[in-house]
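Given next are the chains, with one letter for each unit.
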Amino acid sequence: MAAVAVQVVEIESLNEQAELSKMSPEEHWKMQHEKMHVKHRGHEAMHAEMVLILIATLVIAQIVLVQWKQRHCRSYNMVTLVQMWVVPLYFTVKLYWWRFLSTWGMFSVITSYIIFRATRKPLSGRTPRMVYKWFLLIYKLSYAVGILGYLAIMFTMFGFNLLFRIKTEDSMDFGVVLLFYGLYYGVMGRDFAEICSDYMASTIGYYTGRGMPSRNLSDDICAVCGQKIFVDLDEEGIIENTYQLSCNHTFHEFCIRGWCIVGKKQTCPYCNEKVDLKRMLNNPWERTHVLYGQLLDWLRYLVAWQPIIIGFVQGINYTFGLE
């Protein structure tokens, strides 16, 4: 009888596997969803406790993070940046996202080299321009990729993908991936650029943490890179132009654009006076975007701290025996 029972179970298992193989992914997901509802039926009280724990943890974590950022901004930014760099690597390896891993690897290798050059003493005269041009490239690429991803999502939501016989799932996944790539590398590029900006500016010697210049600046010297300016203000440069800020200090185009746009420095590198970006950037698409900056801050929280908060919540649920 036992052998017959085992055979019956094996036959039922084989039949179930055959039925699963015939199902579409949507039907398989619906069946799993129904099984989950049956499994958790009658556990409404326990689920309410889990929701309360999640809400309370999110509120407390948000308060702690805000206070930490206000009181110790430097350590908060450094820890957040490290988590932004490491946390996606864990999920990438775990979920076999090799496409993201390849881009993450290339970005990490090049950025590590850039940071290495930016932290060397004495600082090479070519290093600041190389650093700012690299992060300016990352900024523009990430912004373009993010916009393209957003347009792809809107393209799908309005149903235009059906005109080209593109599946809704594929079109939406494409848009979400591009949007995430743009925002993620936008965050990483801006944060690493700010670190390099602070370090190189103090190393060059014109700018100090107290905002007082430590050397006298000549009229034909760029205060960002310390190199001579060869193009006059009223001349059109072959590679780059020369810009003058409202404080009358002049800079190479790539240097001051990198300082203001990429490094998020809204003051003159020499006299610490607030920069009038409207005089420097005539193209409205190149001006600092407040909404884009808010999106980057939101993604920083989502990628760096959300997995830790969720893991902490799961630990609390496990301790109290909640499932």
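Note that the structure is a prediction, hence the values are computed from the model and not measured. (Residues numbered from 1 in each chain as written. Predicted model: local features only at pLDDT ≥ 70, side-chain atom pairs only at ≥ 80, totals over all residues. Heavy atoms only, no water.)

### Thoughts on the overall build of the chain
Formally: Secondary structure is summarised from DSSP: a helix means a run of H or I of at least four residues, a strand means a run of E of at least two, and numbering begins at the N terminus for each. Relative accessibility decides the category of a residue: with a 1.4 Å probe and only protein chains considered, values under 20% of the type maximum give buried, values over 50% give exposed, and everything between is partly exposed. The Shrake-Rupley method, run with a 1.4 Å probe sphere, supplies the accessible areas, and residue values consider only the shown protein chains as cover.
Assigned secondary structure in the chain consists of 11 helices and two strands. Reading the chain from its N end, one meets helices and strands in the order α-α-α-α-α-α-α-β-β-α-α-α-α. Looking at the chain as a whole, 36% of its 323 residues are labelled buried. Accessible surface, the chain: about 20,600 Å² in total, of which carbon and sulfur atoms supply 65%.

### Quick word on helix α11 (residues 306-319)
Inclusion rule: In a helix, the anticipated span is given by 1.5 Å times the number of residues less one. The directions from the helix axis to the C-beta atoms form the arc being described.
Taking 1.5 Å as the rise per residue, α11 with 14 residues should run 20 Å; its terminal C-alpha atoms sit 20 Å apart, in good agreement. Among the residues making up α11, those that are buried are Gln306, Ile309, Val313 and Asn317. Seen from one end, α11 has its buried residues packed into an arc of 80 degrees, which puts them on one side. Residues Phe312, Gln314, Tyr318 and Thr319 are exposed on α11 and point more than 90 degrees away from its buried face.

### Things to note about the UniProt feature "transmembrane region" (unreviewed entry) in the chain
Rules: UniProt positions are given in the numbering used here, feature names are shortened, and annotations may be inferred rather than shown by experiment.
Mapped onto this numbering, the UniProt entry annotates "transmembrane region" (unreviewed entry) at residues 50-68, 75-91, 97-116 and 137-162. Span residues 75-91 is 100% helix and 0% strand, its end C-alpha atoms 24 Å apart. The span residues 97-116 shows a helical share of 95% and a strand share of 0%, and its end C-alpha atoms are spaced 28 Å apart.

### What to know about the packing of helix α4 (residues 73-95) against helix α5 (residues 98-118)
The test is simple: Angles here are taken between N-to-C directions and fall from 0 to 180 degrees, while the axes themselves are lines fitted to C-alpha atoms, restricted in helices to the stretch in contact. Angle categories are assigned with fixed cut-offs, so that under 35 degrees is roughly parallel, over 145 is roughly antiparallel, 65 to 115 is roughly perpendicular, and the rest are oblique. For any pair of crossing helices, the crossing counts as left-handed if the nearer helix is rotated counterclockwise from the farther one by less than a right angle, and right-handed if it is rotated clockwise. We call two residues in contact when some of their heavy atoms are within 4.5 Å. Under the scheme applied here, ten amino acids are nonpolar (Ala, Val, Leu, Ile, Met, Phe, Trp, Tyr, Cys and Pro), four are charged (Asp, Glu, Lys and Arg), and all others, including Gly, are polar.
Put simply, α4 and α5 touch, their axes get as near as 10 Å, and they point 150 degrees apart. Taken together, the axes of α4 and α5 are roughly antiparallel relative to one another. For the element pair α4 and α5, the recorded crossing hand is left-handed. On α5, the residues that touch Trp85, Pro88, Leu89 and Thr92 of α4 are Phe100, Leu101, Trp104, Ser108 and Ser112. Taken together, the residues that form the contact of α4 with α5 break down as six nonpolar, three polar and no charged.

### Looking at the packing of α5 against helix α6 (residues 127-157)
For the pair α5 and α6, the least separation of the axes is 9 Å and the interaxial angle reads 150 degrees. Between α5 and α6, the crossing angle belongs to the class labelled roughly antiparallel. Between α5 and α6 lies a crossing of left-handed hand. Contact with α5, carried on its side by Phe107, Ile110, Thr111, Tyr113, Ile114, Arg117 and Ala118, involves Thr127, Met130, Val131, Trp134, Phe135 and Ile138 of α6 and no other residues of that element.

### Quick word on the pattern of salt bridges
Rule in force here: A pair is scored as a salt bridge if a Lys or Arg side-chain nitrogen falls within 4 Å of a carboxyl oxygen belonging to Asp or Glu.
Scanning the entire structure with this criterion turns up one salt bridge. Here Asp220 makes a salt bridge to Lys228, at a shortest N to O gap of 2.4 Å.

### Some remarks on the side chain of Thr92
Within the fold, Thr92 resides in helix α4. Here Thr92 is in contact with Trp97, Phe100 and Leu101, once residues within four sequence places are set aside.

### Concerning the packing of aromatic side chains
The criterion, for reference: Under the pairing criterion, centres of Phe, Tyr and Trp rings, with the six-membered ring standing for Trp, must be within 6.5 Å; the plane angle then separates stacked pairs below 30 degrees from edge-to-face pairs above 60, leaving the rest tilted.
Throughout the structure, instances matching the rule amount to 19 aromatic pairs. Chaining the aromatic ring pairs together yields one cluster made of Phe100, Phe107, Phe180, Tyr181, Tyr184 and Tyr185.

### So, the side chain of Thr156
Inclusion rule: We define a polar contact as two N or O atoms separated by no more than 3.5 Å, with the added condition that, inside protein, one atom must be a possible hydrogen donor and the other a possible acceptor, whereas residues neighbouring each other in sequence contribute only through side-chain atom pairs.
Summarising the element assignment, Thr156 is placed in helix α6. By relative accessible area, Thr156 is classed as buried at 6%. Reaching out from Thr156, the side chain makes a polar contact with the backbone oxygen of Ala152 at a distance of 2.9 Å. Dropping the residues within four chain positions of it, Thr156 is found in contact with Asn161, Thr168, Ser171 and Met172.

### A few points about a nonpolar patch on the surface
To keep it simple, the criterion reads: Patch rule: a residue counts if its relative accessible area is over 30% and it has no salt bridge; like charges are joined within 9 Å, and nonpolar side chains (Val, Leu, Ile, Met, Phe, Trp, Tyr) within 5 Å.
Residues Met157, Phe158, Phe160, Leu163, Phe164 and Ile166 make up a contiguous nonpolar surface patch of about 710 Å² in total accessible area. Topologically, Phe158 is positioned in the loop between α6 and α7 (168-204). Under the relative-accessibility criterion, Phe158 is labelled exposed at 61%.

### Digging into the nonpolar core
Selection criterion: The set of buried Ala, Val, Leu, Ile, Met, Phe, Trp, Tyr and Cys residues whose side-chain atoms join them within 4.5 Å is what this entry labels a nonpolar core.
The biggest cluster of nonpolar side chains holds 44 residues, and the ones touching the most others in it are Phe135, Tyr184 and Phe251. Of all elements in the fold, only α3 (44-71), α4, α5, α6, α7, α8 (253-262) and α10 (290-304) reach the threshold of two or more residues within this core. For this core, the leading source of residues is α7, giving 10 residues. Apart from residues no more than four positions distant in its own chain, Phe251 is found in contact with Cys222, Ala223, Val224, Ile229, Asn241, Thr242, Tyr243, Leu245, Ile256, Cys268 and Pro269.

### Quick word on the confidence of the model for the chain
Which entries qualify depends on this criterion: The quantity called pLDDT is the predictor's confidence in a given residue, expressed from 0 to 100.
Per-residue confidence for the chain averages 76 on the pLDDT scale, and 72% of its residues sit at or above 70. No element of the chain has a lower mean pLDDT than helix α9 (residues 277-280), at 55, and none a higher one than α5, at 91. Here residues 283-288 scores under 50 on pLDDT; set against residues more than four positions off or in separate chains, the count is eight contacts.

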